[in-house]
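Topology and contacts: notes
Here's the letter readout for the chains.
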Amino acid sequence: MEIRNIAIIAHVDHGKTTLTDAIMKQTGAAEEGFSMDVNDLEKERGITIYSKNTSVYYKDTKINIVDTPGHADFGSEVERVLRSIDSVLLVVDAQEGPMPQTKFVLKKSLELGLKPIVVINKIDKPSAMPEEVKEMVYELFLDLGANDEQLDFKVIYAIGRDGTAKRKLKDESKDLTPLLDLILEVVPSASSEELLSKKLRAQPFNLAYDNFLGRMAISRVYEGIIKKGQEVLIKGVEENSRKGKIAKIFSFKGTERVEIEEACAGDVIMFAGVPDINIGETICVEEDQEALPVIQIDEPTISLNFLVNNSPFAGREGKFVTNRQLRERLEKELEVNVGLRVDLSSNESYKVYGRGELHIAILLEQMRREGYELQVSQPQVIIKEENGQKLEPFEEVIIDTPEEFSGTIIEKLSKRKGVMTEMKREENHIRLVFEVPTRGLLGYKLEFVVDTKGEGILASRVIGFRPYVGEIERRSLGSMASMVSGKAAGFSLFNLQERGDLYIGHGTEVYEGMVIGSVSKGNDLTVNPTKGKELSNMRASGSDEAIKLIPPIEITLERGLSIMNEDEYLEITPNSTRLRKQLLSEIERIRDKRKQNKLS
Ligand SMILES: Nc1nc2c(ncn2[C@@H]2O[C@H](COP(=O)(O)OP(=O)(O)OP(=O)(O)O)[C@@H](O)[C@H]2O)c(=O)[nH]1
Ligand SMILES: [Mg+2]
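Residue positions are counted from 1 within each chain, in the order its sequence is given. Lettering for chains starts from A, numbering for ligands starts from 1, and both go in the order in which the items are written. Predicted model: local features are reported for residues with pLDDT of at least 70 only, side-chain atom pairs are reported and counted for 80 or more only, and whole-chain, interface and lining totals are derived from all residues. With hydrogens and water excluded, all non-hydrogen atoms of the structure serve as input to the side-chain values.

1. With respect to the state of the cysteines
- Criterion for a disulfide: a pair of cysteine sulfur atoms at a distance within 2.5 Å. Following the criterion strictly, the structure yields zero disulfides and no others.
- No disulfide involves Cys-284; its nearest neighbouring cysteine sulfur is the one of Cys-264, lying 18 Å away.

2. Some words on the side chain of Thr-102
- Per the convention used, a helix needs a DSSP run of H or I reaching at least four residues, while a strand needs a run of E reaching at least two, with both numbered from the N terminus. With respect to the helices and strands, Thr-102 occurs in helix 4 (residues 100-111).
- In this analysis, two residues are considered to be in contact whenever any of their non-hydrogen atoms come within 4.5 Å of each other. Apart from residues no more than four positions distant in its own chain, Thr-102 is found in contact with His-11, His-14, Leu-90, Val-92 and Leu-140.

3. A look at the site of ligand 1
- We call a residue near a molecule or strand as soon as one heavy atom of that residue lies within 4 Å of the molecule or strand. Residues in contact with ligand 1 amount to 17 residues; listed here are only the nearest, Lys-16, Thr-17, Thr-18, Thr-48 and Asp-124.
- Contact distances for ligand 1 include 2.7 Å between an oxygen atom and a side-chain N or O atom of Thr-48.
- Interatomic distance of 3.0 Å between a backbone N/O atom of Gly-160 and an oxygen atom of ligand 1.
- In terms of residue count, helix 1 (residues 16-26) provides more of the shell around ligand 1 than any other element does, three residues in total.
- The residue inventory of the shell around ligand 1, partitioned by class, reads three nonpolar, eight polar and six charged. Pairing of N or O atoms within 3.5 Å defines a polar contact, subject to two protein rules: one partner must be a possible hydrogen donor and the other a possible acceptor, and residues neighboring in sequence count only if both atoms are side-chain atoms. Gly counts as polar in this scheme, as do all residues outside two lists: the nonpolar Ala, Val, Leu, Ile, Met, Phe, Trp, Tyr, Cys and Pro, and the charged Asp, Glu, Lys and Arg.

4. Description of a negative patch on the surface
- In this scheme, patches are assembled from residues that exceed 30% relative accessible area and form no salt bridge. Like charges are connected within 9 Å, while nonpolar side chains (Val, Leu, Ile, Met, Phe, Trp, Tyr) are connected within 5 Å. Only the protein chains shown count as cover for residues, and the accessible areas themselves come from Shrake-Rupley with a 1.4 Å probe. A pairing counts as a salt bridge when a side-chain nitrogen of Lys or Arg comes within 4 Å of a carboxyl oxygen of Asp or Glu. Asp and Glu count as negative and Lys and Arg as positive, but His and the ends of the chain are not part of the count. Every charge is mapped onto a representative atom, which is NZ of Lys, CZ of Arg, CG of Asp or CD of Glu. A cluster of acidic residues, Glu-131, Glu-132, Glu-135, Glu-139, Asp-143 and Glu-427, forms a negative patch on the protein surface.
- Inspection of the secondary structure puts Glu-135 in helix 5 (residues 130-143).

5. Looking at helix 1
- Under the scheme applied here, a residue whose accessible area is under 20% of the maximum for its type counts as buried, over 50% as exposed, and between as partly exposed, the area being computed with a 1.4 Å probe on protein chains only. The buried fraction of helix 1 is high, at eight of 11 residues.
- Buried within helix 1 we find Lys-16, Thr-17, Leu-19, Thr-20, Asp-21, Ala-22, Ile-23 and Met-24.
- On the buried face of helix 1, the contacting elements are strand 1 (2-10), strand 2 (52-58), strand 3 (61-67), strand 4 (87-93), strand 5 (117-121) and helix 7 (177-186).
- Looking one or two residues beyond helix 1, the residue adopting positive phi is Gly-28, at roughly 80°.

6. Focus: the coordination of the magnesium ion (ligand 2)
- Looking at the magnesium ion (ligand 2), the protein donor atoms are Thr-17 (OG1) and Thr-48 (OG1), and they sit 2.0 Å from it. Linking Thr-17 in helix 1 with Thr-48 in the loop between helix 2 (40-45) and strand 2, this pair joins segments that are 31 residues apart in sequence. The exposure classification of Thr-17 matches that of Thr-48, with both residues buried. Water is absent from the atoms considered, so a metal site may look incomplete; donors are defined as N, O and S atoms within 2.8 Å of the metal, or 3.2 Å for Na, K and Ca.

Below, the structure is given as structure tokens:
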């Protein structure tokens, strides 16, 4: 059978998953209402977090499709996928045009010599400008050094949500056949007699985990045939190859996996049986076969400690609260979460290394849903040393904002050691491009929303490690910590809300050392949020003033990670997220501070 292997790539929200869903529906691979974003978190957030495989059949051809995440934190996932397919559908929103992640994924595709098909999507949007966007995409291809063949890309105009596509704007269209036909026409066939006759070579590009079968590898079979029960050799980065046995092979039918006996060159399959298999290794059969080029995995950029919850409220909500359970959960995560690293050498806390705040926040959210309780420390940017030089991660930041806010943005990012590389006036906004150390960006994204009154768009992605740029002043707000345990009272909150932003409302249970708000001016405060109004027999003249409380700011996982201070923990339980001081009593904190001062 003929096989085509493609990935769908784009900036976040440009419509990859909706298009994949529509393809599946129209080819009979999925029911009406099905979505590739199957994970609960994906459904809730409306974003794709994990790249996923599906296979559809169209005109006697099997099309293996990988739907990829568009958010920059998951960019390295896309990169891996690109290594294992033969063409991409580059989806671009007909109104927004190319965005940072469009540029990133296109750049990677072009470097790998792929010939993308450009899908100008959402042409139904009221201010869609498909022709202009096509031009912009062409410019982008040029900028990124596309060769003549790549520049000659094919274009499809689509409304993914309606499941329609067409070659020319003026064409009629009632379904996606123009797109599917184009895929068969221009994507190279993944198999041939010649490839089939060779000895087996396959390469995993993603991992999955099954409670019974253990670690599984989603792999492309490049040459030969892979068979159930086959003895294989695995060649990794190290010199020595090792032996393994293919226990089970699965093929994809839609997103379901179907067990099969063997798979041929060109196909994308999942196999079980090699518990220590890794991405980028080569599965082959004889020692003299050459390993396929390895697949690079991006290095983590931030780290933080995970530890058991030892707050006074520990164990109230969670099912898994012990150190051993936490450790086992992290070990399990390492089976599939490729960008993640964990230092399990200490028994008190585990240092976790990730690709960004969202990458970490997703893991925490997943754990809390499963019933875990834990605490984490403030995320720190990873500084590494190479040849005696200190290096730190840098990000490219692209901002679209109404012009009036650009002054503040430029000022703030310059203070954070950002360098502006581009400034372009567009119709109703201005586009600013910066290169900023990740260190400078931590905590900035929330400020940006406030500074631009929610009208600015900021997208960033890691561009690599560069020489350390020295001290960055991080304006951290002081915290208001409670000095008592009890229930918060509206009366005290009313008085406290003048000093800063509160994270709790009337009736919230607090403990000593819990952070209940920020302090807008000055250092930390220790306060009593539980005091009620004193009772007295005499009524004040004019009776009580009605108490008006400003709605508290909710501490979400991401907000918590980005605003917490160095001497605090973020406490995460199935239903609550709280900030707390690491040292709960004020006396301990004062003592500790004196000790620190003496040391320095
Ligand atoms: N107007 C319009 N909206 C669309 C169209 N296709 C998708 N959308 C909407 O765009 C939003 C994002 O769609 P998704 O398919 O989740 O986008 P995505 O590219 O998979 O997003 P990530 O995976 O998070 O990067 C959803 O609200 C869709 O309903 C379209 O053709 N027209
Ligand atoms: Mg998606």
